[in-house]
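Examination of the molecular architecture
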Amino acid sequence: MPRRIILDCDPGIDDSVALSMALFNKAFDVVAITAVEGNVPAEMATINVQTVIEQLDPPRLPRLGAATANDNADYRDACFIHGGDGLGEAGFVTADHHHRHLSEKIICDEVRAAPGEIDIVCLGPLTNVARAIQRDPQFIENVSQIVMMGGSFSGIGNITQTAEFNIHSDPESAREVLHAPVKKVLIPLDITSQVQFSLSFIEQIPDESKPIGAFLRQVVPYLFRSYHQQLGLETVQIHDAIALLQLLEPELFELEPMAVDVEVKGELTRGMTVFEKRRGKNVPHNVEVARLVDVSAARQAVLKYLNA
Ligand code: BDR
Ligand code: CA
């Protein structure tokens, strides 16, 4: 039986790689792809989900959800990494995306229709899931689990000194989701950033004759340029693809139950994930955190799923 999932995302180049891995994978039944404001503002995230679907033309069409702006005054996009349009400025032209249901409505509807069966994979800020919790009091008890890319165990951020991008984009929502009574798996930046891809990645993805190759070959080169120009790196990190792998190849990760909270106030620390690391504290665990990853197997697995 394929695993039924909702992909909640903010494409985004690494989101696009994760979607490419998921949409052709027989292990998954992708019931919906819901856009969230993050790497790009809400309207663009909604367009980009549509673009990815049009470019990839997967065998089964998931429902698509529209993003709306989050309420975070500190929100800033990540176009400096993903390009002004979030998809490497490749110039995609995308059909009408209006009249979509809101992402949070689609998430609630799909979970209500299949109680206990749906995993939600969050590859962007946690705005939509928090809104789903607020919208429907029964929602969370019917979710199978939530797998999230976000946070930083070490406390070293990538959008501020202390905060990881997805959590920083909407700290209040992240806090609500991390405290929600449901199984949650967190794949933090410390794990995803260990799996680095060199330029040879582009030669190893499918060629232009396949939709995945034709699409990713137009967007991924931008990531190498921005990592070089903005971060001084010759390799890239494909965070969201690594988070998705936790569902496909859980044995590549070592998880540890932990207590985590989100700082929502600090001047220097807003959006920071704060883990209980002290000994002897009897704080209830609220999340399973990936603490180790088999780096070389994870890199190979990403390529395996893109080439399947
Ligand atoms: C996360 O932030 C975004 O820029 C990426 O798409 C990923 O989800 C990494 O911190
Ligand atoms: Ca993302």
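For clarity, every value in this text was computed on a predicted model and none was experimentally measured. (Residues numbered from 1 in each chain as written. Chains lettered and ligands numbered in written order. Predicted model: local features only at pLDDT ≥ 70, side-chain atom pairs only at ≥ 80, totals over all residues. Heavy atoms only, no water.)

Structural notes on the coordination of the calcium ion (ligand 2)
Counted only if it meets this: For Na, K and Ca the donor cut-off is 3.2 Å, and for all other metals it is 2.8 Å, counting N, O and S atoms only; because water is absent from this set, sites may look incomplete. Helix and strand definitions here come from DSSP, where helices need a minimum of 4 consecutive H or I residues and strands a minimum of 2 consecutive E residues; each element is numbered from the N-terminal end. Exposure classes here rest on a 1.4 Å probe applied to the protein chains alone. A residue is buried below 20% of its type maximum, exposed above 50%, and partly exposed in between.
Distances from the calcium ion (ligand 2) to its protein donors, Asp10 (OD), Asp15 (OD), Asp15 (OD), Leu123 (O) and Asp240 (OD), fall at 2.2 to 2.6 Å. Mapped onto the sequence, the donors of the calcium ion (ligand 2) take the spacing D-x4-D-x107-L-x116-D. Separated by 230 residues along the polypeptide, Asp10 in the loop between β1 (3–9) and α1 (13–23) and Asp240 in helix α11 (residues 239–248) bring together distant segments of the chain. Residue Asp240 is classed as buried on the basis of its relative accessible area of 2%.

Focus on the packing of aromatic side chains
Cut-off, in case you're wondering: When two rings of Phe, Tyr or Trp (its six-membered ring) have centres within 6.5 Å they constitute a pair, described as stacked for plane angles under 30 degrees, edge-to-face for angles over 60, and tilted for the intermediate range. Here, over-ring charges are defined by two tests on the NZ atom of lysine or the CZ atom of arginine: distance to the ring centre within 6 Å, and angle to the ring normal within 35 degrees.
Tallied over the full model, the rule gives three aromatic pairs. Here the basic side chain of Arg291 rests over the ring of Phe153, its NZ or CZ set 3.7 Å away from the ring centre.

Comments concerning the site of ligand 1
Which entries qualify depends on this criterion: Nearness is judged by heavy atoms alone; a residue qualifies as near a molecule or strand once a single heavy atom is within 4 Å of it. Throughout this description, a polar contact denotes any pair of N or O atoms lying within 3.5 Å of each other; where both atoms belong to protein, one of them has to be capable of donating a hydrogen while the other can accept it, and for residues adjacent in sequence the pair is counted only when both atoms sit in side chains. Only the protein chains shown count as cover for residues, with accessible areas throughout obtained via the Shrake-Rupley method and a probe of 1.4 Å. Throughout, the protein atoms alone are placed on a 1 Å grid, and a set of points is a cavity if a 1.4 Å probe fits but cannot get out or a pocket if it is open with protein on both sides within 12 Å along at least five of seven lines; lining residues have an atom within 4 Å of a point. Cavity and pocket membership follows a simple rule, namely that a molecule belongs there if more than half of its atoms are within 2 Å of the grid points. Just so you know the grouping, Ala, Val, Leu, Ile, Met, Phe, Trp, Tyr, Cys and Pro go in nonpolar, Asp, Glu, Lys and Arg go in charged, and all remaining residues, Gly too, go in polar.
Within the structure, ligand 1 sits among 13 residues, and Asp14, Asn39, Asn158, Glu164 and Asp240 are positioned closest to it. In this structure, an oxygen atom belonging to ligand 1 sits 3.0 Å away from a side-chain N or O atom of Asp15. When ligand 1 is considered free in solution it has 280 Å² of accessible area, and contact with the protein chains removes 95% of it. With respect to the pocket detection grid, ligand 1 is positioned in the largest pocket. The set of elements that each furnish at least two residues to the shell around ligand 1 consists of α1, α6 (165–169) and α11. Considered class by class, the residues forming the shell around ligand 1 number four nonpolar, five polar and four charged.

A word on empty space enclosed by the protein
As a reminder, the rule being used: Grid points are joined across faces, edges and corners, and a volume is the space filled by probe spheres set on the points.
According to the stated counting rule, one finds one cavity of 30 Å³ or more in the structure shown. The computed volume of the largest cavity comes to approximately 40 Å³. Lining the largest cavity are Ala22, Leu23, Asn25, Phe28, Asp29, Val30 and Arg60. Mapped by element, the contributors of at least two residues to the lining of the largest cavity are α1 and β2 (28–35). Among the elements that make up the lining of the largest cavity, the one with the highest residue count is β2 (three residues). Partitioned by chemical class, the residues of the lining of the largest cavity number four nonpolar, one polar and two charged.

Remarks on α11
Among the 10 residues that make up α11, 10 are buried, leaving the element largely enclosed by the rest of the structure. Buried within α11 we find His239, Asp240, Ala241, Ile242, Ala243, Leu244, Leu245, Gln246, Leu247 and Leu248.

Treat this as a map of the structure, not an account of what it does.
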